[in-house]
Amino acid sequence: LKELAGQPKHPARVRIAAAMFQSGDKGSGDLFKGFLGDESVSVRREAVAALGSLKGLETQPLYLQALGDKDADVRKLAREVLKTSKDPKVQKALKDVLALEVDDLLPKLRDRKTVTSASSQLVSLGVDVVPLLIERLGTEKTPTGQDGIARTIFGLRSNKEVTVALRAGLKSKVKVVQGWSAFLLHFSAPTPALLPTLAEFASSDHQILNAHSARALSRYKSKKATDALVACLKKKGTGPNATRLVSTAISSLQRQDTPAAAQALGALLENPKLRKQAEAALKRMKTPEAKKFLKPDTTSKS
């Protein structure tokens, strides 16, 4: 082993050093600091993976070194080990590194071409990124960036800690955090507590979030939810976002499938611009109230 260890570029140099350490040559443990700074990413990955087998070696400084590696896999291996530590210094280092991971990927969440990949990378970091992502929701200025952050949180929604963090977000002083928290929570259950926030954002000027909130309102059958969707229809505005909001509100009224929703859609039949959409929505509804607004020949075809 010592003869092989004398070859600094040996392809198995990490395993050789580990075997020497396990055989009693404690000095070989010093080689791992160099391995973690090696120009070869495969060597660095192999080195951080081998640290767990080196019983008796002080590995915490080496894992902290690996946290700063430019390779995501090396950082992930180090995080998985260090996250069980109670050492305040380690916990701070973990939080700082996660913040860097989030901030490095945030620009990619704003780009529709890279959002899927960036979101997957953040999801792979685990539930610990959620509090940081919720913080970033409050400071992110672009609707597409916020949508990318929300998509990432949605990808982690199966963890109970995410629900806890989003419930805390409902009490945030930052309005946009409240809105996204309510929208993401509605997937778990359309609870009445979310309705006021969803109604507020459905009629807001926030691109993307207003349409998302209007879509979420379709799961509520109350008059308050219907009134909120009607407010979306009456909202003044032009452009693609306004058109999308109106279409979403009509679709949500159809999904509510209540007499009040049918009446709201029936009132749109007097609007030449919205008549076709409203009529199509009424045809798909099962409530008898919807049929009252359709002509006999139209009703029979449906």
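This write-up is about the structure you can find in this document.

Scoring rules and cut-offs
Residues numbered from 1 in each chain as written. Predicted model: local features only at pLDDT ≥ 70, side-chain atom pairs only at ≥ 80, totals over all residues. Heavy atoms only, no water. Axes fitted to C-alpha atoms, helices over the stretch in contact; angles between N-to-C directions. Helix = DSSP H or I, 4+ residues; strand = E, 2+ residues; numbered from the N terminus. Parallel < 35°, antiparallel > 145°, perpendicular 65-115°, else oblique. Left-handed = near helix turned anticlockwise from the far one by under 90°. Contact = heavy atoms within 4.5 Å. Nonpolar A, V, L, I, M, F, W, Y, C, P; charged D, E, K, R; others polar. Salt bridge = Lys/Arg side-chain N within 4 Å of Asp/Glu carboxyl O. Buried < 20%, exposed > 50% of the residue type's maximum accessible area, 1.4 Å probe, protein only. Polar contact = N/O pair within 3.5 Å; in protein donor to acceptor, adjacent residues only side chain to side chain.

Our next topic: the packing of helix H2 (residues 13–22) against helix H4 (residues 41–50). Remark: H2 packs on H4, axes separated minimally by 9 Å, with the N-to-C direction vectors making an angle of 20°. Put simply, H2 runs roughly parallel to H4. By crossing handedness, the relation of H2 to H4 is classed as right-handed. Contacts between H2 and H4 involve Arg13, Val14 and Arg15 on the former and, on the latter, Val43, Glu46, Ala47 and Ala50. Taken together, the residues of the contact of H2 with H4 sort by class into 4 nonpolar, no polar and 3 charged.

A few words now on the pattern of salt bridges. Under the counting rule described, the total for this entry stands at 16 salt bridges. Between Arg45 and Asp71 there is a salt bridge; the shortest N-O distance is 2.9 Å. A residue pair is termed long-range when its members are at least 10 positions apart, and Arg45 in helix H4 and Asp71 in the loop between helix H5 (60–67) and helix H6 (72–82) qualify at 26 residues. Here Asp71 falls in the buried class, since its relative accessible area comes to 12%. The partner of Lys235 in a salt bridge is Asp205, with the nearest N and O atoms 2.6 Å apart. Taken as a pair, Lys235 in the loop between helix H15 (223–234) and helix H16 (240–256) and Asp205 in the loop between helix H13 (195–202) and helix H14 (209–216) lie far apart in primary sequence, 30 residues in all. In this structure Lys235 comes out as partly exposed when scored by relative accessible area, which is 27%. For Asp205, a relative accessible area of 66% gives the class exposed. A single salt-bridge network, built from bridges that share partners, covers Arg45, Asp71 and Asp73.

With that settled, the discussion passes to the side chain of Ser172. With respect to the helices and strands, the residue Ser172 is situated in the loop between helix H11 (160–169) and helix H12 (175–185). Within polar-contact distance, the side chain of Ser172 engages the backbone nitrogen of Val174 at 3.0 Å. If sequence neighbours within four positions are ignored, Ser172 has contacts with Val177 and Gln178.

That's the geometry; what it means functionally is another story.
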